[in-house]
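Chains, contacts and geometry: an overview
Residue-level listing of the chains:
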Amino acid sequence: MLQQLVTINKERHAGTKIKDLVDFKFAAQFHIAYVTMHEFARGAANFPVVFIEDKAQGEFRPVALLGLNPSDNLFVDATGQWQGSYVPAIIRRHPFALAPAGPDGQHVICIDEASSLVSQTEGAALFDSLGQPTQVIDNVRRYLSDLQKMDTLTHNFCKFLKANHLLSPLNMRVRDKDKLKNVAGCHMVNEERVNLLSDELHLEMKRQGYLAPLFAHLISLAQVERLVKLQDERAARSPGL
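Presented here is a report on the structure given in the accompanying data block.

**Considerations on unusual backbone geometry**
Note: most peptide bonds trans; most residues except glycine with negative phi. Here the residue pair His-94 and Pro-95 is connected by a cis peptide bond, since its omega of 10° sits within 30 degrees of zero. Assignment of secondary structure puts Pro-95 in the loop between α2 (89-92) and β6 (96-100). A positive phi angle, near 65°, is found at Ser-71, a position not held by glycine. Its place among the elements puts Ser-71 in the loop between β5 (59-65) and α2. Here Ser-71 falls in the partly exposed class, since its relative accessible area comes to 46%. Backbone geometry at His-165 places phi at a positive 55°, although glycine is not the residue there. Relative to the assigned elements, His-165 resides in the loop between α3 (135-163) and β10 (167-169). With a relative accessible area of 58%, His-165 lands in the exposed category.

As structure tokens, this is what we get:
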């Protein structure tokens, strides 16, 4: 998602400006996007929220399933407009990100210099004529800080699901043109296992605020049908593809 990420500093980015986000063409090839547990409820009305396994880290992460094929975001149309009522926060943060700055848990703000939103001639400046951060950086710092906090809580949520064996492979078969295809690599919460948890663990889920995102995730799975519909509509507009 990020191609040329560098730490923001006033020497390197003294003349850097950020153009307004008018379309999402940069996200046209993102068929999945990470979402925090706080986004599940709004996301459930738009796209399936599933879990994918990061075997290298030994953990699971929740993602919005935005397409049925790699490098194909069905929510971005030919003009770059978003076809839905909710855009994942990780996409809205573009072209900014946080990166670890050492073992003490500190982070620094970074920018993707390869982004089409980064300019030297138009947009809002990152630094003023005196080299001081502008409101742009203040807003980005606040937004990314909030996102980082939500990411930590989401990480704990996923650890709880894994520790209690509540995730199972999601076997999805969807129609792709005139045939059925399997969508592999996704996991979902096993509702039967949730119902078998002890009263103590149920109370723990309630205390931690895990119940609402859990059920929002399960409800979101019905949005697979929307992905099929969006794919059919795209194929109808481009019958030669």
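**So, the nonpolar core**
Side chains of nonpolar character tend, in soluble globular proteins, to be buried together. Counting 51 residues, the largest nonpolar core has Phe-51, Ile-91 and Leu-161 as its most contacted members. Judged by nonpolar contacts, the second largest core, of twelve residues, contains Phe-96, Ile-111, Phe-127 and Val-140.

**A short note on the side chain of Thr-134**
By the secondary structure assignment, Thr-134 is in the loop between β9 (124-125) and α3. If sequence neighbours within four positions are ignored, Thr-134 has contacts with Ala-125, Leu-126, Phe-127 and Asp-128.

**Concerning the sheet that holds strand β8 (residues 118-119)**
Pairing within the open sheet is antiparallel, and its three strands lie in the order β8-β2-β9. Edge positions in the sheet fall to β8 and β9, since each of these pairs with one other strand and no more. Where strand β2 (residues 17-18) and β9 come together, two bridges link them in antiparallel fashion. Paired with Ile-18 across the two strands is Ala-124, which belongs to β9.

Cut-offs used in this document
- Residues numbered from 1 in each chain as written.
- Predicted model: local features only at pLDDT ≥ 70, side-chain atom pairs only at ≥ 80, totals over all residues.
- Heavy atoms only, no water.
- Helix = DSSP H or I, 4+ residues; strand = E, 2+ residues; numbered from the N terminus.
- Buried < 20%, exposed > 50% of the residue type's maximum accessible area, 1.4 Å probe, protein only.
- Core = buried A, V, L, I, M, F, W, Y, C linked by side-chain atoms within 4.5 Å.
- Contact = heavy atoms within 4.5 Å.
- Pairing = 2+ DSSP bridges.

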